[in-house]
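# What the coordinates show
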Amino acid sequence: MTKPRSKTQANPKTPKKESVPLSELPKPTLVKSDKSQKGNARVIYWHRTDLRLTDSPALTRALEIENIECFWPIWCFDPEYVYKHRVGVNRCNFLLESMNNLSEEYTKLNSNQKLWVVRSRPEFVLRKLAKDWGVTHICWEKDSNAYSKVRDEKIFALAEELGIQVIATPGRHLFDPDEVVKQNKGKPTMTLHQWQGVTSKMGEIARPAPTPTSLPDPGPSELQDNHEEDWGKYEGVDLNADVRTGKDTCFDSLAGPSSFPFSVPTMDQLGFSPSTTTIKGGTIEGHKRLDLFLSDKEKVAKFSKPNSAPTSLEPSTTLLSPYIKFGCIGIRELWWGCKAAVEEYRKKGGKGETKEPENMFGQLEFRDMYACAEAAVPHFERIRGNSVCKYVAWSLQNQYDKEGNEILPRPRDKDEQAEERFQAWKEGRTGFPWIDACMRQLKHEGWIHHLARHSVACFLTRGQCYISWERGMEVFDEWLIDWDPASNPGNWMWLSCSAFFSQYFRVYGLVSWPQKTDKSGALVRKYCPELKDFPDKYIYSPHLAPQGIQEKAKCIIGKDYPFPILDEHLEKEYCIARLKDAYHLNYHGDHEDILNGTAEKKLTEIHEENGHTREKIVDGKQDDKKRKRELDGEGAMDKFVKREKK
């Protein structure tokens, strides 16, 4: 590590305003204490989900503070993130790569600078840094999700106690979600049209903030680590225990290893095995992808997310979502970059532009819509207490104790069939190659096409398995690199028809859907290699292949690859019938009957009254199919042989 210059040396000038006046940047939250110090400023810039130097309104605000004497860009490696949130190896590796890349970018601007990584809860870290480094200001990019609000309130209180000024500036979204909710009279935005209606009165989306051209020096970086706090203390359930294969040494010291203090943790220090994804993290890689996308003006103008191919071996969309999630690129960079590309396309006579919501602008607005909904709705990530989530008596819902606290780890459900189906779905062994290939790709790469996400989510919930979207959301929490605390639960509610979308009778076909874009099954052949030698005719339904074809493909269904775990069409009918009843009951997650545990009984009574039980729907349909086979003589070997000879 390069030693910092003596603080008696002249500091580089703070960057000039380059492309946008300070007055046009998103409005910050300023917290001033009566105890605030006067004189030179000693500033901490706290990075969270903004791992970039470009288009950072919060960083710009921080560097505009007058008389900066010392400046430390820091990252608090929080045990809450490491243990309380499901974080798989691929997302963790992407984060660490992005942190290392950002640190390198800081060093390019000032050889004495880096990303200063401290390892503990923010309220412990910032108290310690304020004491040892004489901090006068703490700045960060404002976030609006539930966990961030709780965390940040602690820091606001700490800053008031210590006489430190806080500057929290919006910049993660097109518009500050909290401000949108305020303009919407405290209500969540549940449709894109509603979000557009509110934000149309809030002015134009801000232009990208200027990129700094120089940075002040850090001050002295010594910390007296007398272990006065248990820096890695966490008393809850480690939700990543089953992912952690090695010894966790991340929090052995506040500043990390003495040989490399304030360094970015390694996967080994976190006890994680190496990642498997080919998607690399970092602001440099993110801007390469952004520049490549924006360079093709026609592609930008005609971008249509619903019309991209979910079966493609190479991503048929931009693959920018992980870089947006971690703030490796700025949201305004993307928005205004697309605006400029479309305008240039028009000037050259280009036609056929995609309209909202299918185009890139619509997709970014959907992201904001979910963020505004999450900001306004308590318990957005679950059913219980969630005012916008329709109640459906799914199998494998979250379980709670008598005080209403979620039981973790979740006890095994009494519905053994549902548990087995869930594990088959998660592990990619449902017997439906399209579903299995998508789930295996998700685990390996940390990313799948959005229509593949639609397929596996529909299958698990309202399509066939009738399992709570909470279970699927948790798997995505762990495996998705681009996981987002608002978009992930929002999408799962959408795809299970629990909120945002209500056409529960529209279900993705497990064979017909992927055949629309790839009859050869290339994705299946890559991620389910046991099926690679099946003819195209059977690649999405290998259980229908005659024995001879299975033998020739060296894959016997039921031995080398599983039989389907359910009957696609019968279970679909069963699901639709029960969803119809749930919509008729029209309970939401904050209804008294949900909270006191009587809702499931009421819905069961409605199912029985309407004949929407397994015995009457699935078993009855199976009996009808059996009788039809008997009448048609389908069970007779002679007729089977005759059909095969034709």
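Residues numbered from 1 in each chain as written. Predicted model: local features only at pLDDT ≥ 70, side-chain atom pairs only at ≥ 80, totals over all residues. Heavy atoms only, no water.

## Focus on the pattern of salt bridges
Using the following cut-off: Here, a salt bridge means any Lys or Arg side-chain nitrogen found within 4 Å of an Asp or Glu carboxyl oxygen. Only DSSP runs of H or I with at least four residues qualify as helices, and only runs of E with at least two residues qualify as strands; both kinds are numbered from the N terminus onward. Only protein chains enter the accessibility calculation, which uses a 1.4 Å probe. A residue is then buried if its area is under 20% of the maximum for its type, exposed if over 50%, and partly exposed in between.
A complete count under the given rule lists 37 salt bridges for this structure. Asp178 serves as the salt-bridge partner of Lys149, at 3.1 Å between the closest nitrogen and oxygen. Note that Lys149 is positioned in helix 5 (residues 146-162) and Asp178 in helix 6 (residues 177-183), a separation of 29 residues in sequence. Under the relative-accessibility criterion, Lys149 is labelled partly exposed at 29%. The exposure class assigned to Asp178 is partly exposed, which follows from its relative accessible area of 24%. Here the salt bridges share partners, and the residues they tie into one network are Glu80, Lys84, Arg121, Glu123 and Lys154.

## Here we look at the side chain of Arg52
The following threshold applies: Any pair of N or O atoms that falls within 3.5 Å is considered a polar contact. Within protein, one atom must be able to donate a hydrogen and the other to accept it, and sequence-neighbouring residues count only if both atoms are side-chain atoms. Contacts were defined at the residue level, with two residues in contact if any of their heavy atoms lie within 4.5 Å.
Residue position: Arg52 is located in the loop between strand 2 (41-47) and helix 1 (57-63). The class for Arg52 is buried, based on a relative accessible area of 2%. Of the polar contacts made by the side chain of Arg52, one reaches the backbone oxygen of Thr54; its length is 2.9 Å. A polar atom in the side chain of Arg52 sits 2.9 Å from the backbone oxygen of Asp55. Setting aside its immediate chain neighbours within four residues, Arg52 contacts His47, Leu102, Glu141, Gly171, Thr283, Gly327, Cys328, Ile329, Gly330, Arg332 and Glu333.

## Here's the deal with the nonpolar core
Our working rule: We call a set of buried residues a nonpolar core when its members are Ala, Val, Leu, Ile, Met, Phe, Trp, Tyr or Cys and they connect through side-chain atoms within 4.5 Å of each other.
Ranked by size, the top nonpolar core spans 155 residues in total, and within it Phe71, Phe77, Met99, Trp425, Ile435, Leu531 and Phe534 carry the most contacts. Among the elements that take part in this core, helix 12 (residues 360-376) stands out by supplying 10 residues, more than any other. Excluding residues that lie within four positions of it along the chain, Met99 makes contacts with Leu51, Trp75, Phe77, Leu115, Val117, Val264 and Pro265. Judged by nonpolar contacts, the second largest core, of 28 residues, contains Val118, Ile155, Val166 and Ala168.

## A word on the domain arrangement of the chain
Which entries qualify depends on this criterion: Note that the domain bounds reflect an automated or database-derived domain assignment. By buried area we mean how much accessible surface two parts lose on assembly, using a 1.4 Å probe and totalling the loss over both. Charged residues are taken to be Asp, Glu, Lys and Arg, nonpolar residues to be Ala, Val, Leu, Ile, Met, Phe, Trp, Tyr, Cys and Pro, and polar residues to be all remaining types, Gly included.
In terms of domain boundaries, the chain breaks down into domain 1 (283-376), domain 2 (416-609) and domain 3 (617-646). Inter-centroid distance (C-alpha atoms) of domain 1 to domain 2 is 28 Å. Across the contact, 23 residues belong to domain 1 and 24 residues belong to domain 2. Per-residue buried area on domain 1 facing domain 2 is highest for Pro310, Thr311 and Tyr370; these three make up 38% of the total on that side. The interface formed by domain 1 and domain 2 contains six residue pairs in polar contact (both at pLDDT 80 or more). Listing elements by their share of the side of domain 1 that touches domain 2, those giving two or more residues are helix 10 (321-325) and helix 12. Per element, the largest residue contribution to the side of domain 1 that touches domain 2 is seven residues, and it comes from helix 12. Class assignment of the residues belonging to the side of domain 1 that touches domain 2 gives a composition of 13 nonpolar, six polar and four charged.

## Quick word on the packing of aromatic side chains
Threshold: A pair of Phe, Tyr and Trp rings is counted when the ring centres sit within 6.5 Å of each other, with Trp represented by its six-membered ring. The angle between the planes then sorts it: under 30 degrees is stacked, over 60 is edge-to-face, the rest tilted.
Scanning all chains against the criterion turns up 25 aromatic pairs. Summarising the aromatic geometry, the rings of Trp46 and Trp140 are spaced 5.2 Å apart at their centres and angled 80 degrees between planes, so their arrangement reads as edge-to-face. Here Trp46, found in strand 2, pairs with Trp140, found in strand 5 (residues 137-141); they are 94 residues apart in sequence, far enough to count as distant. Of the two residues examined, Trp46 and Trp140, each falls in the buried class. With a centroid separation of 5.0 Å and an interplanar angle of 75 degrees, the aromatic rings of Phe476 and Trp492 are classed as edge-to-face. Here Trp492 lies in helix 17 (residues 487-495) and Phe476 lies in helix 16 (residues 469-479), a separation of 16 residues in the sequence.

## Looking at helix 21 (residues 568-585)
Quick note on the threshold: Multiplying 1.5 Å by the helix residue count minus one yields the expected span of that helix.
Taking 1.5 Å of rise per residue, the 18 residues of helix 21 would be expected to cover 26 Å, and the 26 Å separating its terminal C-alpha atoms lies within 8% of that figure. Those residues of helix 21 not exposed but buried are Glu568, Leu570, Glu571, Tyr574, Cys575, Ala577, Arg578, Leu579, Asp581, Ala582, Tyr583 and Leu585. Trailing helix 21 by a residue or two, Asn586 shows a phi angle of about 60 degrees, which is positive.

## Concerning a negative patch on the surface
Heads up, the rule is: Two distance rules govern patches: like charges are joined within 9 Å, and nonpolar side chains (Val, Leu, Ile, Met, Phe, Trp, Tyr) within 5 Å, applied only to residues with over 30% relative accessible area and no salt bridge. To be clear on the numbers: accessible area is Shrake-Rupley with a 1.4 Å probe, and residue cover counts the displayed protein chains and nothing else. For the purpose of charge, His is not counted, nor are the chain termini; Lys and Arg are scored as positive and Asp and Glu as negative. Charge positions come from single atoms, namely NZ of Lys, CZ of Arg, CG of Asp or CD of Glu.
Together, Glu605, Glu608, Glu609, Glu615, Asp619 and Asp623 line one region of the surface with negative charge. Elements that contribute at least two residues to the negative patch include exactly helix 23 (599-609) and helix 24 (614-632). When you line up the elements, Glu605 lands in helix 23.

## Some remarks on the packing of helix 14 (residues 433-445) against helix 15 (residues 450-463)
To be explicit about the condition: Only C-alpha atoms enter the line fits that serve as axes; for helices the fit covers just the stretch in contact. Angles between N-to-C directions range over 0 to 180 degrees. Left-handed describes a crossing whose near helix is turned anticlockwise from the far helix by less than a right angle; the clockwise case is right-handed.
Between helix 14 and helix 15, whose axes approach to 10 Å, the crossing angle comes to 115 degrees. Where helix 14 crosses over helix 15, the two elements pack in a sense that is left-handed. For the pair helix 14 and helix 15, contact is made by Trp434, Ile435, Cys438 and Met439 and by Ala452, Ser455, Val456 and Phe459, respectively. Its residues placed into classes, the contact of helix 14 with helix 15 shows seven nonpolar, one polar and no charged.

## Considering the packing of helix 21 against helix 23
Definition in use: When an angle is under 35 degrees it counts as roughly parallel; over 145 it counts as roughly antiparallel; between 65 and 115 it counts as roughly perpendicular; any other value is oblique.
Relative to each other, helix 21 and helix 23 sit at 125 degrees, their axes nearing to 10 Å. The pairing of helix 21 with helix 23 is recorded here as oblique in orientation. Helix 21 and helix 23 meet at a crossing whose hand is right-handed. Here helix 21 contributes Arg578, Asp581, Ala582 and Leu585 to the contact with helix 23, which in turn contributes Leu603, Ile606 and His607. Counted by class, the contact of helix 21 with helix 23 contains four nonpolar, one polar and two charged residues.

## Describing unusual backbone geometry
Cis rather than trans, the peptide bond between Glu356 and Pro357 has omega equal to 5 degrees. As for its position among the elements, Pro357 is in the loop between helix 11 (331-347) and helix 12. Here the bond from Leu408 into Pro409 is cis, since omega is -5 degrees, no more than 30 degrees from zero. Inspection of the secondary structure puts Pro409 in the loop between helix 12 and helix 13 (416-427). Backbone geometry places Lys185, a non-glycine residue, at a positive phi of 60 degrees. With respect to the element layout, Lys185 can be found in the loop between helix 6 and helix 7 (192-199). Backbone geometry at Leu396 places phi at a positive 60 degrees, although glycine is not the residue there. Relative to the elements of secondary structure, Leu396 occurs in the loop between helix 12 and helix 13. What makes Leu396 buried here is its relative accessible area of 1%.

## A few points about the confidence of the model for the chain
This is how it is decided: Confidence scores labelled pLDDT are given residue by residue by the predictor and lie between 0 and 100.
Per-residue confidence for the chain gives a mean pLDDT of 91; residues scoring 70 or more make up 90%. Per-residue pLDDT stays below 50 along residues 1-23; that stretch engages in 49 contacts with residues further than four places along the chain or on separate chains. This model gives residues 629-646 a pLDDT under 50, and the stretch forms six contacts once residues within four places in sequence are excluded.

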